[in-house]
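Coordinates in review
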Amino acid sequence: MPKAQTNDNLRNIAIIAHVDHGKTTLVDAMFRQSGLFRANQEIDARLMDTLDLERERGITIAAKNCSVMWKGIRINIIDTPGHADFGGEVERALSMADGAILLVDASEGPLPQTRFVLKKALEAGLKIIVVINKIDRQDARPDEVLDEIYDLLIDLNATDAQLEFPLLYAVGRDGIAQRTLDEEGQNLHALLDTILEEIPGPAHNPDAPLQMLVSDLGYSDYLGRLAVGKIFSGTARSGDSLVCLAVSGDSAPLKVSKLQVYDGMTLRDVAEVQAGDIAVLAGIEEVKIGDTICTREAPRALPRITVDEPTVSMKFTVNDSPFGGRDGQHVQSSRIRERLLKETRTNVAIQVEKGDDRDSILVKGRGEFQLAILIETMRREGYEFCVGRPEVICRYENGRKLEPIERLLVDCEERFLGVVTEKLSLRKGRMTRLVNNGKGRVRVEFSVPARALIGYRDEFLTDTRGTGIMHSLFDGYEEFRGPCPSRFTGSIVADRTGNAVPYALFNLEPRGRLFIVPGDPVYEGMIVGEHNRGEDIDVNPCKEKKLSNMRAAGKDDNVILSPIKPITLEQAISFIREDERVEITPRAVRMRKAVLSGLKRHSLRAARVKKKKAA
């Protein structure tokens, strides 16, 4: 057996962190200090956030590649999402890396999603460099955070070699990294040098034929489908005739029309790529993430990228409301299904199945937030459709019903601990850990059914006066914990089509919280507010004041309505019940009943009551 060699001209490294711990800002500083830009060149902040939704929300949604040159060695950087709902992106990205930088906030410490991405990196056997970021924060506690990182690594069964990690301290915003807390850092040279010293070059067998694992897909108007992945062995040249091995084992021929590698944020044409390179290959149309590209003479497949099973499903249907088809360009079920299937090609964590009827599609994913991002993306592309309430996917083993459980971390002020604990206990949550640092805030961990957290975030923010922080992480399956309430309030439902009138809304305000303003179009079955009580009520939001020729003091004052906070897509998805839908159009997000006719809903309700009494 020939001895494996390493390509010392390359380093492939992933940056993993929790949401908002400064990962993308640190990559910006690495770009600037590696000489990628001119000294006086103006560049945008958060360069790696290329999607509109990423810039708006300040989070990384899709894993992306880039590279920097340092001391003659190219460092390929893979920017991974920090949210567990996008875990498929993390697993896909780590397949290209040989090491990882674990970035942890010096105040918040390792949070649930830090645990998720670190677990995946350790399972992949990657060399870890720990960077404690934001040490300039007033509430920074780097020594305690370091202890928490050790505890987390031990909890994740890290090996002795993985526990001997290089440690750096950083202020990513200022582009500073230092090896100790005492020294005064000036730049990121210490971090870049540590990457070269600690992260091994990609290992490969020099005598093995070409093998490339497809980890990402792209598209070019000029080149067609692009396959992105790491070359595990061999060499590929432009013009080579190769084959692509699919999951079924079938091979499809391809001819390499162009080879590219990452140069900063852009792509650079090359004549050949070697083992260890992260390459972009053009010349194939039918390719999926996880396929292997290899030679025709020695077609051997690499282990496919495996991702965790989805835990949440959501039903997509055509928009059959009276306002259907007014805003959207793509409204047919075939176009919606086609778009969702296209998503599965680039997002390995999404699954699409046929629904109960001809016009419905069942979409499965990691969490409601991942599905909300997909819905928002489709809405901006001109699609119009309806979605149902997210439902968790249960398992059945040996006659037992198992449900997904979340590990929930809550950080709030001491005075709100009682109400948070009470609400979560009603939702079958169990407290597993409580830490009081004596500074007025407490950190609590709960074990909670995933279904109980759907719709709880808004209630949590209200209970903690907007000061609470809540993060959750999938924690396996446990036996079903019994029914728990999803919502204690009912819906205020319009009983006719028309436009909302100030007089009618003023008289509806005592009934609950309204979602519409005067002039908004409504239709029968549309949800216009949240009822104070548990049952639904049908109302007439179009009712106008009866006019007479009599005047009375104080009766003709202007109607003054309470301000309405527009409901967001995520709020609408978490608000609805099982018998309700969210209507998604490029211009509007509306909530409605699945059955629009009030008469039909009343008949169905009466039939259910009758059946219950008979049972």
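For clarity, every value in this text was computed on a predicted model and none was experimentally measured.

With respect to the nonpolar core
Leu 102, Leu 118, Ile 128, Ile 132, Ile 149 and Leu 153 are the most contacted members of the largest nonpolar core, which has 38 residues in total. Elements supplying a minimum of two residues to this core: β2 (10-17), α3 (87-94), β5 (99-105), α4 (112-123), β6 (127-133), α5 (142-155), β11 (224-233) and β18 (278-282). Once residues within four sequence positions are removed from consideration, Ile 132 is found in contact with Val 104, Ala 106, Pro 142, Val 145, Leu 146, Ile 149, Leu 167, Leu 168, Tyr 169 and Ala 170. One finds Val 68, Leu 103, Ile 129 and Leu 188 within the second-largest nonpolar core, a separate group that totals 28 residues.

Here we look at unusual backbone geometry
Unusually for a residue other than glycine, Lys 134 sits at a positive phi of about 60 degrees. Within the fold, Lys 134 resides in the loop between β6 and α5. Using a relative accessible area of 22% as the deciding quantity, one classes Lys 134 as partly exposed. Although it is not a glycine, Asn 157 adopts a positive phi angle of roughly 60 degrees. Structurally, Asn 157 can be placed in the loop between α5 and α6 (160-163).

Points about the confidence of the model for the chain
Here the chain averages 82 in pLDDT, while 91% of its residues score no lower than 70. For the stretch residues 37-50, pLDDT sits under 50, and the model shows 37 contacts to residues farther than four places along the chain or on other chains.

So, the pairing of strand β27 (residues 430-436)
One ladder, built from six bridges, connects β27 with strand β28 (residues 441-449); its direction is antiparallel. Directly across from Met 431, in β28, lies its bridge partner Phe 446. Hairpin connection, β27 to β28: the antiparallel pair is bridged by four residues, and Gly 438 has positive phi, about 80 degrees.

Notes on the packing of aromatic side chains
Per the stated rule, a full pass over the model turns up six aromatic pairs. With a centroid separation of 5.4 Å and 20 degrees between ring planes, the pair formed by Phe 316 and Phe 385 is classed as stacked. Residue Phe 316 is located in strand β20 (residues 312-317), and its partner Phe 385 is located in strand β23 (residues 385-387); the two are separated by 69 residues in the primary sequence. With a relative accessible area of 0%, Phe 316 lands in the buried category. Residue classification places Phe 385 among the buried positions, given a relative accessible area of 0%. Each ring, one from Tyr 456 and one from Phe 460, has its centre 6.0 Å from the other, and the planes form 50 degrees; the classification is tilted. In this pair, Tyr 456 and Phe 460 are both assigned in helix α12 (residues 456-463), four residues apart and thus about one turn of the helix distant. Take Tyr 456: its relative accessible area is 0%, and that puts it in the buried class. Directly above the ring of Phe 480 sits Lys 401, whose terminal nitrogen or CZ lies 4.2 Å from the centroid.

Digging into the packing of helix α10 (residues 417-426) against α12
Close contact between α10 and α12 brings their axes to 10 Å; oriented N to C, the two are set at 155 degrees. Judged by the inter-axis angle, α10 sits roughly antiparallel to α12. The crossing of α10 and α12 is right-handed. Only Tyr 456, Glu 459, Phe 460 and Asp 463 of α12 make contact with α10, whose side of the interface consists of Val 419, Val 420, Lys 423 and Leu 424. Broken down by class, the residue content of the contact of α10 with α12 amounts to five nonpolar, no polar and three charged.

A few points about the packing of α4 against α5
Between α4 and α5, the shortest axis-to-axis distance is 10 Å and the interhelical angle comes to 55 degrees. Accordingly, the angle class assigned to the pair α4 and α5 is oblique. The two elements α4 and α5 meet at a crossing, and its hand is right-handed. In contact with Arg 115, Leu 118 and Leu 122 of α4, α5 contributes Leu 152, Leu 153 and Asp 155. Here the contact of α4 with α5 is built from residues that sort into four nonpolar, no polar and two charged.

Some points on the pattern of salt bridges
As enumerated under the stated definition, the model contains 43 salt bridges in all. A salt bridge links Lys 315 to Asp 356; the shortest N-O distance between them is 3.8 Å. Taken together, the positions of Lys 315 in strand β20 and Asp 356 in the loop between β21 (351-354) and β22 (360-365) put the pair 41 residues apart, joining distant regions of the chain. Classification of Lys 315 by relative accessible area gives partly exposed; the value is 25%. A relative accessible area of 75% means that Asp 356 is categorised as exposed. For Arg 415, the salt bridge identified is with Glu 413, shortest N-O distance 2.8 Å. The exposure class assigned to Arg 415 is exposed, which follows from its relative accessible area of 61%. Several salt bridges share partner residues, and in doing so they unite Asp 536, Arg 577, Asp 579, Glu 580 and Lys 593 into one network.

Description of the side chain of Lys 593
Its place among the elements puts Lys 593 in strand β37 (residues 589-593). A polar contact is formed between the side chain of Lys 593 and the side chain of Glu 580, at a distance of 2.9 Å. Residues contacting Lys 593, with those up to four places away along its chain left out, are Val 493, Gly 525, Ile 527, Asp 536, Asp 579, Glu 580 and Arg 601.

A closer look at the environment of Glu 343
Mapped onto the elements of the fold, Glu 343 is located in helix α8 (residues 333-346). Given the relative accessible area of 17%, Glu 343 is considered buried. Only 3.0 Å separates the side chain of Glu 343 from the side chain of Arg 339, close enough to count as a polar contact.

As for the sheet that holds strand β10 (residues 211-220)
As summarised here, the arrangement of the eight strands in space is β14-β13-β19-β10-β11-β18-β15-β16, forming an open sheet in which the pairing is antiparallel. Edge positions in the sheet fall to β14 (251-255) and β16 (266-270), since each of these pairs with one other strand and no more. On average, adjacent strands in this sheet sit at an angle of 40 degrees to one another, irrespective of strand direction. Alignment of β10 against strand β19 (residues 292-295), held across three bridges, turns out to be antiparallel. Bridge pairing links Leu 213 to Thr 292 in β19.

Some words on α5
Along its 14 residues, α5 runs 20 Å from first to last C-alpha, staying within 8% of the 20 Å computed at 1.5 Å per residue. By the burial criterion, the buried members of α5 are Pro 142, Val 145, Leu 146, Ile 149, Leu 152 and Leu 153. For α5, the arc enclosing every buried residue in end-on projection is 120 degrees, short of the 170-degree limit, so these residues lie on one face. Facing away from the buried surface of α5 by more than 90 degrees, the exposed residues are Asp 143, Asp 151 and Ile 154. Among the structural elements, β5, α4, β6, α6 and β7 (167-171) are those in contact with the buried residues of α5. Positive backbone phi, at 60 degrees, marks Asn 157, one or two positions downstream of α5.

What counts as what
Residues numbered from 1 in each chain as written. Predicted model: local features only at pLDDT ≥ 70, side-chain atom pairs only at ≥ 80, totals over all residues. Heavy atoms only, no water. Core = buried A, V, L, I, M, F, W, Y, C linked by side-chain atoms within 4.5 Å. Buried < 20%, exposed > 50% of the residue type's maximum accessible area, 1.4 Å probe, protein only. Helix = DSSP H or I, 4+ residues; strand = E, 2+ residues; numbered from the N terminus. Contact = heavy atoms within 4.5 Å. pLDDT = per-residue confidence, 0-100. Pairing = 2+ DSSP bridges. Phe/Tyr/Trp six-rings, centres within 6.5 Å; stacked < 30°, edge-to-face > 60°. Lys NZ or Arg CZ within 6 Å of the ring centre and 35° of its normal. Axes fitted to C-alpha atoms, helices over the stretch in contact; angles between N-to-C directions. Parallel < 35°, antiparallel > 145°, perpendicular 65-115°, else oblique. Left-handed = near helix turned anticlockwise from the far one by under 90°. Nonpolar A, V, L, I, M, F, W, Y, C, P; charged D, E, K, R; others polar. Salt bridge = Lys/Arg side-chain N within 4 Å of Asp/Glu carboxyl O. Polar contact = N/O pair within 3.5 Å; in protein donor to acceptor, adjacent residues only side chain to side chain. Expected span 1.5 Å × (residues − 1). Arc of directions from axis to C-beta.

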